[in-house]
Number of protein chains: 2
Amino acid sequence: MTLTDYPPFSLLGARSQALLRQCSLQRHEVSPAPLLGKGQNISGAYVVLSGCLRVYTLTPAGHEATQYFIRPGETCVFALNSLFNDVRYPAWVAVEEAAEIAFIPGPVFRSLFALEPVMQDLTVRTLSVLVFRLMAMLEEMHACTLGQRLANLLLLHAGADGRVSMTQQVMANHLGSSREVVARLIGALVACGAVSSHRGYVCVRQAALLAARSGM
Amino acid sequence: MTLTDYPPFSLLGARSQALLRQCSLQRHEVSPAPLLGKGQNISGAYVVLSGCLRVYTLTPAGHEATQYFIRPGETCVFALNSLFNDVRYPAWVAVEEAAEIAFIPGPVFRSLFALEPVMQDLTVRTLSVLVFRLMAMLEEMHACTLGQRLANLLLLHAGADGRVSMTQQVMANHLGSSREVVARLIGALVACGAVSSHRGYVCVRQAALLAARSGM
DNA sequence: GCAAATCTGTAGCATTGGTTACAGAAGCGG
DNA sequence: CCGCTTCTGTAACCAATGCTACAGATTTGC
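An unreviewed UniProt entry annotates chain A as Crp/Fnr family transcriptional regulator originating from Vogesella aquatica.

S.K.: How should the protein's contact with DNA strand C be read in this particular structure?
M.R.: Taken together, 19 residues sit near DNA strand C, with R179(A), R199(A), L146(B), S177(B) and R184(B) positioned nearest. When atoms of DNA strand C within 4 Å of the protein are split into backbone and base, the sugar-phosphate part holds 50%. At a separation of 2.5 Å, a base oxygen of DNA strand C approaches a polar side-chain atom of R184(B). Breaking the surface near DNA strand C down by element, the ones donating at least two residues are α7 (179-191) and β8 (195-198) of chain A together with α7 (179-191) of chain B. When residues in the surface near DNA strand C are grouped by element, the largest group, 4 residues, is from α7(A). Here the residues of the surface near DNA strand C are counted per class, giving 3 nonpolar, 9 polar and 7 charged.

S.K.: Would you explain the side chain of T57(A) in this entry?
M.R.: Residue position: T57(A) is located in strand β3 (residues 44-58). For T57(A), the residues in contact, after removing those within four places along its chain, are H63(A), E64(A), A65(A), Q67(A), A91(A), W92(A) and E139(B).

S.K.: What's the story with the relation of the copies chain B and chain A in this structure? I'm lost.
M.R.: Once chain B has been moved 0.0 Å along the axis and rotated by 180°, it coincides with chain A to within an RMSD of 0.1 Å. Both copies of the chain, as the preceding transformation shows, are related through a two-fold rotation axis. A shared binding surface is used by both copies, with 100% of the interface residues of chain B retained as interface residues in chain A.

S.K.: Please explain the sheet that holds strand β7 (residues 163-164) of chain B as it appears in this structure.
M.R.: Strands in a sheet are paired, the pairing made by backbone hydrogen bonds, and the direction either parallel or antiparallel. On the basis of which strands lie adjacent, the open sheet formed by 3 strands has the order β7-β9-β8 (chain B) and antiparallel pairing. At either end of the open sheet lies a strand with only one pairing partner, and these are β7 and β8 (195-198) of chain B.

What counts, and at which threshold
- Residues numbered from 1 in each chain as written.
- Chains lettered and ligands numbered in written order.
- Predicted model: local features only at pLDDT ≥ 70, side-chain atom pairs only at ≥ 80, totals over all residues.
- Heavy atoms only, no water.
- Near = heavy atom within 4 Å.
- Polar contact = N/O pair within 3.5 Å; in protein donor to acceptor, adjacent residues only side chain to side chain.
- Helix = DSSP H or I, 4+ residues; strand = E, 2+ residues; numbered from the N terminus.
- Nonpolar A, V, L, I, M, F, W, Y, C, P; charged D, E, K, R; others polar.
- Contact = heavy atoms within 4.5 Å.
- Least-squares fit on C-alpha atoms with pLDDT ≥ 70 in both.
- Pairing = 2+ DSSP bridges.

Written out as structure tokens, the structure is:
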């Protein structure tokens, strides 16, 4: 497999496809060890083909806080930027779900961007979506209590069966809080029948959780 | 004056300049009334030529919280996005310093983007910078206390003479907090000699403030 | 089946930040 | 100069969150 097997790259012209075949493609398993560290130098774009990456910061106190996820078809696009200024990555990145990731070196990305409207489109779209998500997170941080943010997290990650497979520690990492606080909040949600708690996962009763979220 | 008088637009070719002459150009004075409201439909790009715009959210409790500023040469680029999805603006925008603003309608922006590498560059750069700023703010919100964020705000807005011309209410709006809390924090900074407080402004002693920030 | 590791539940206390409620100071307009 | 408005300073209290310290439950590996 090469990058050229995946849309939208499969749609590009022969010349672009030749460029793309230079790109390395790697499979990464889930791991707490960061793939990219804050301050690391980046000189290209990472494209997620399958799986999910998590971008997060670390507070001085050692808490993690998720900033956003990168899902299939999306990109860490700092390539263009890093060709001008010598940009260093502003956060940590880890593998959230086993992922296939392609790396497009800066010069290649730049050529593709100049040649292919599809790539311009992809880049701008990815960046715009990211801006919207980050703005939404900032707003949520100002507008919501931790309880409400936890409820949002659970609603967002619940499968069709209402199951959210995360330990409380992982939830705390997403929220930038601590395990004990999450336990306390989950306790409250259990008390009002919005979720049930188990080792390694919780089960969400969506309607009840929506209701509970309002009154937190 | 038209948009074509300002770089980088002045560098564009004749055909692009013809397009740009269709764009309206308006001067706006400082005003608390929002220029753009959350949820409003946008169908183009706003380019700030001089002055400064402020992008902020409102919490249910009625607090404002600044998300970022738009300074000369920068753009609210949601044009491309809004041609695909019918995007609504995710926050409020107000005039922070008297500003000249050009509006480039969506279709015009799209043509320019397709024609002119300079515009592609400008767009991607603006978006990347915005992503970095938003990530930095999210990180700050997780990592810093309100006192530290206030110190950062003051350091960032201090003139060469150390003067920061803002009322405490305005500072509170930037931070998403309330006037009383800001007063309390400024009181602490005054007590340790980091700033002096006056009606409508504070004077920063930079070195002392940097030191004080660590121990908040 | 047992020990170690991991995860959850809970309680108490400290800190931060938000709210309420005033009092006084500074500027402004007439 | 006087009254109105705006801005600042303060205090007391409360709610949300963080931190410390365990105890008990579940799972895993051997």
